[in-house]
Amino acid sequence: MTTQQTHPKGIRARILLSSVFGPYAQDDEFGSRTINPMELYHNQVTRAQGAFSLRMFHRSWGIMMIQENISAPCTVLDFPTREAFARELCAEDYDIVGISSIIPNVGKVREMCRIVRELSPRSVIVVGGHVAAIPDAEATIDADHIVRGEGISWMRRYLGEDEQAPIRHPAIVSGFETRVMGVRLPERRGATAATIIPSVGCPMGCNFCTTSAFFGGKGKFFNFYETGDELFEVMCRVESELGVESFFVMDENFLLHRARAMRLLQLMKEKGKSWELSVFASANAIRKYTMAELVELGVSWVWMGLESPRSRYGKLQGQDSRSLVRELRQHGIRVQGSTIVGLEHHTPDNIVEEIEAAVDCETDFHQFMLYTPVPGTPLYREMAEQNRMLDVDFADIHGQYKFNFRHGAISREDSKRFLDWAFWRDFENNGPSLYRICQTMLQGWQRYKNYPDPRVRQRFEREMKKLSSAYNAALWAMEREFRKVNRRVSERIGRLRREIEDEFPVIARLSAASLGPILWWTTRREERRLASGRTYEPPTFLERRNWSAAS
Ligand code: B12
Ligand code: SF4
C-alpha cells in the first residue's frame, strides 16, 4: 500500500468515485470483451441458455459503500461511458478522483487516469478494488495512491475521519433491468432483493481465491457487522427503506459465522420476519445447520462450490455433493453450484467424467470457471515460481476464455472447449435454470405449506404466487421451445407444469393459457435477436451525497 498521508482539505475535499467505463460487452482496445459482459448470470452461469439466460446488472457496491461512509461531498458515477466520465470531470472541480476496478479492466483504469491528468490535473487519483493486486501496479498505473484491501477505512483515514466509526449500510437494490425469455421484468418497489454486505474477504484462504487473498488471505477478513443484532438492525432499516423482504447477502461464506446467523434467526423469530436470504456458503458450513434451521433462517438460495472430491480443496471433503444438493432442493432451497474446470489433477481423460459428475448434481444454476492463477493469490505466486504463467492480456484473464498458465495435461485451446462444453452439457441435460428453480420452489411448498412457523409458510406462499402464475406460463413456453433441444427435458418440464396445475388448478391453467403463448413468442424473438448479435449494457448512474455542503 502507498504510504498514507491525509488530504489537505480533509472532509471538505470533493470526491468523484467511478467504476470503469463501458460499453462492456464488445471487443475493444481498452479491454472490453464480448464474452465478458457486465451481467453476472449471463457472464458465467447461464450464458449457454440462449433466451432462457437470466440477465441482470448489479451496481458497483464497493464505491457505494465508501460514499455512504464518508462525510465529504461525494459523487458516485457508475457504468459511465468514456464521454460521461470526461464530462463529469469538467463539470465539477474534484479534489479526489477514485477509480474502482477489477484486474481484467486495468486497461480502462489506465485510460481513465490519462483522462483525469488531462482534464483535471489538480485531482489526486486513487485507484482501488482488485486491480490493485497487480504486482507492479504502482509502475504501470499513473495514480497517486493504489489502495489494496478494504477501502472504507482507507478513505476515512485519508480524509482524517474516524476509521473505526460504525459502518453505515446503503440501501442497495441487488439487481436491475432483469431480462429473461425476451421480457424485461417490471421494477416494482420491493420486488427485487436488497444487497447486504456483512463482510469482505474469506478466512478459508483457498489458494486460487482472489477475494480471500485481497482482504488478507487465510484466517483474515473484514467484518462490517460482527453480531446478529447489528446485522438485524441493518436489515430492518433496509427493509423499510426499500420495502423488501428478501436479501442478497454478499458475504463469501455467510453461514460460516454460525453464532451471528443463529442470533439473526432468533431475532427474526422474535419480530416475526418472514425474510428470504440468498447466501454464499461452503458445503462444510451448510452442514453445520439442520435443514429446519436453514429454512427458518429464510435461506432460499445458496451459492456453493462443488469442487471435485479428488482436488486438493477441502470444502467438500467427506461430503457427497450430489446428495447435499438434492436435499437442499427438496427443502425449497435453490442451489447455485460452482465448478472449476482445469484443476491440477484434470486430464483430457478424466475431465469429461468430472464435468458429468458436476452436471449430475442437478443444481438450479451452475457456474463453471477455469482454474485461473490471478495476481495476488498464493496460486499465482506458485505458478510464477514454477515459470508456468503465460503472457496473456489481463483483459482475457476472467475465467471464461482460456488458461492463463501452462496446465500439466490440458492445452490452452482445449481449456476453452471443455469449459464451453460444461455449460452446454448442463443446459442440455438439466434444462433451463428457470425450470429448475420452479421445481425447487414446488418441492419447498409441498414440504412446508403446513409448517408450524407462520413466517416460513408466508415465505413459501409468496413464492407460490409467482410459481402459479408467471412462472407456470414460462414453463408452458419452455416446454414447447425445449422440444428442439432435448425432448426428454421438455417432457420433464411438462410434468412439472401439470403438477403445478394440479396444485393450483384455476390460476395456473389460466396463466399458462393466456401468458404462455406470449412468452413463447418473446422467447423466439429473443433467440433471433441474440443470433444477430444483440448484447445488453447497464445504464449510467450519477449519485451525489453530502453535496449541498459542497456548493
Ligand atoms: C458483484 C460482482 C460483480 C458484478 C459487477 C459489479 C460491478 N458493478 O462491477 C458482476 C456480476 C457484473 C461481475 C462481473 C464480473 N466479475 Co465480479 N464480482 C462481484 C462480487 C461478487 C462482489 C463485488 C462486491 O461488491 N463486493 C463487496 C464490496 C464491498 O467489495 P469490493 O468491491 O472489493 O470493494 C472493496 C475494496 O475492494 C475497496 N475498493 C473497491 N473499489 C474501490 C475504489 C477506491 C477508490 C478505493 C480506495 C477502494 C476501493 O473498498 C471496498 C470496501 O472495502 C465479487 C466477489 C466479492 N465477493 O467481492 C466479484 C469479483 C470482483 N468479480 C470478479 C470477476 C473476475 C468478474 C468477471 C470478470 C466475471 C467473470 N468472468 O468471472 C466480470 C467482469 C465484468 C466486467 N466486464 O467488468 C473477480 C475479480 C478478480 C480480480 N482479482 O480482479 C471477483 C473478486 C470474484 C472472484 N473471486 O473471482 N462481478
Ligand atoms: S471458501 Fe470460497 S470464498 Fe472462501 S477462500 Fe475458498 S473459494 Fe474463496
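In this text, all values refer to a predicted model and were calculated from it rather than measured experimentally.

S.K.: Looking at this structure, I do not really get the sheet that holds strand 9 (residues 183–184). What am I missing?
M.R.: In spatial order, the strands read 2-8-9; together these 3 strands make up an open sheet with antiparallel pairing. At either margin of the open sheet sits one strand with a lone partner, and together these are strand 2 (55–57) and strand 9. Across 2 bridges, the pairing between strand 8 (residues 176–180) and strand 9 is antiparallel. Paired with R179 across the two strands is R184, which belongs to strand 9.

S.K.: Sorry if this is basic, but what is going on with the sheet that holds strand 15 (residues 299–305) here?
M.R.: Either a parallel or an antiparallel arrangement is found when strands of a sheet pair, and the pairing is made through backbone hydrogen bonds. Across the sheet, 7 strands lie side by side as 7-10-13-14-15-16-17; this open sheet has mixed pairing. Two strands close off the open sheet at either side, each with one partner strand: strand 7 (172–173) and strand 17 (365–370). Relative to strand 17, strand 16 (residues 334–341) is paired through 6 bridges, and the arrangement is parallel. Looking at strand 17, one finds that V341 is bridged to L370.

S.K.: Where do I start with helix 9 (residues 258–270) in this structure?
M.R.: A turn of α-helix holds 3.6 residues, and therefore any two residues three or four places apart point the same way. The terminal C-alpha atoms of helix 9, which comprises 13 residues, lie 18 Å apart, in line with the 18 Å expected from a rise of 1.5 Å per residue. Those residues of helix 9 lying buried are R260, A261, L264, L265, L267 and M268. All buried residues of helix 9 fall inside an arc of 165° around its axis, so they share one side. Opposite the buried face of helix 9, at more than 90 degrees from it, the exposed residues are A259 and E270. On its buried face, helix 9 is in contact with strand 12 (222–223), helix 8 (228–242), strand 14 (276–280), helix 11 (291–296) and helix 17 (454–481). Looking one or two residues beyond helix 9, the residue adopting positive phi is G272, at roughly 65°.

S.K.: Honestly, the environment of R406 in this entry has me stumped. Any pointers?
M.R.: With respect to the helices, strands and loops of the structure, R406 is situated in the loop between helix 14 (378–385) and helix 15 (412–430). Along the primary structure R406 and S468 are separated by 62 residues, whereas in three dimensions their C-alpha atoms are 50 Å apart. Apart from the residues lying within four places of it in its own chain, the contact partners of R406 are N387, R388 and L390. Side-chain polar atoms of R406 contact the backbone oxygen of N387, separated by 2.6 Å.

S.K.: Please clarify how the packing of helix 16 (residues 433–448) against helix 18 (residues 487–503) should be interpreted in this entry.
M.R.: Helix packing geometry: the angle between the two helix axes and the distance between the axes. Between helix 16 and helix 18, the least distance of the axes is 11 Å, while the angle of their chain directions is 35°. Considering the relative orientation of helix 16 and helix 18, their crossing is left-handed. Counted together, Y435, C438, Q439, L442, W445 and Q446 of helix 16 and R492, I493, L496, E499, I500 and E503 of helix 18 form the full contact between these two elements. Looking at the contact of helix 16 with helix 18, its residues break down into 7 nonpolar, 2 polar and 3 charged.

S.K.: For this particular structure, what's the right way to read the packing of aromatic side chains?
M.R.: What characterises a pair of aromatic rings is the spacing of the ring centres plus the angle enclosed by the ring planes. What the rule picks out here adds up to 28 aromatic pairs. Summarising the aromatic geometry, the rings of Y41 and F365 are spaced 5.2 Å apart at their centres and angled 50° between planes, so their arrangement reads as tilted. Remark: F365 occurs in strand 17 and Y41 occurs in helix 1 (residues 40–44); sequence separation between them is 324 residues. Both residues of the pair, Y41 and F365, count as buried. Aromatic pair W301 and W303: ring centres 5.9 Å apart, planes at 75°, arrangement edge-to-face. Here the basic side chain of R544 rests over the ring of W547, its NZ or CZ set 4.7 Å away from the ring centre.

S.K.: So what exactly am I meant to see when it comes to the nonpolar core here?
M.R.: Considering soluble globular proteins, one finds that nonpolar side chains tend to be buried as a cluster. Counting residues in each nonpolar core, the largest one holds 148 residues, and the members touching the most others are I141, F247, F254, L255, L277 and L297. Broken down by element, this core gets its largest block of residues, 10 residues, from helix 17. If near-sequence neighbours (up to four positions away) are discounted, F247 is found in contact with A193, A194, I196, M235, V238, E239, W275, E276, L277 and S278.

S.K.: Would you take a moment to explain the pattern of salt bridges for this structure?
M.R.: Side-chain pairs of opposite charge can arise where the charged atoms are in close proximity. Taken as a whole and judged by the stated rule, the model has 49 salt bridges. Between D78 and R59 there is a salt bridge; the shortest N-O distance is 2.7 Å. One end of the pair, D78, is in strand 3 (residues 74–78); the other, R59, is in the loop between strand 2 and helix 2 (61–68), and 19 residues separate them in sequence. Judged on exposure class, the residue D78 and its partner R59 are both buried. The residue R497 makes a salt bridge to E479 at a minimum N-O spacing of 2.7 Å. Here R497, found in helix 18, pairs with E479, found in helix 17; they are 18 residues apart in sequence, far enough to count as distant. Across the pair, exposure class does not vary: R497 and E479 are buried alike. Among the charged side chains, a network of salt bridges with common partners joins E479, R480, R497, E501 and R509.

How each quantity is defined
Residues numbered from 1 in each chain as written. Chains lettered and ligands numbered in written order. Predicted model: local features only at pLDDT ≥ 70, side-chain atom pairs only at ≥ 80, totals over all residues. Heavy atoms only, no water. Pairing = 2+ DSSP bridges. Helix = DSSP H or I, 4+ residues; strand = E, 2+ residues; numbered from the N terminus. Expected span 1.5 Å × (residues − 1). Buried < 20%, exposed > 50% of the residue type's maximum accessible area, 1.4 Å probe, protein only. Arc of directions from axis to C-beta. Contact = heavy atoms within 4.5 Å. Polar contact = N/O pair within 3.5 Å; in protein donor to acceptor, adjacent residues only side chain to side chain. Axes fitted to C-alpha atoms, helices over the stretch in contact; angles between N-to-C directions. Left-handed = near helix turned anticlockwise from the far one by under 90°. Nonpolar A, V, L, I, M, F, W, Y, C, P; charged D, E, K, R; others polar. Phe/Tyr/Trp six-rings, centres within 6.5 Å; stacked < 30°, edge-to-face > 60°. Lys NZ or Arg CZ within 6 Å of the ring centre and 35° of its normal. Core = buried A, V, L, I, M, F, W, Y, C linked by side-chain atoms within 4.5 Å. Salt bridge = Lys/Arg side-chain N within 4 Å of Asp/Glu carboxyl O.

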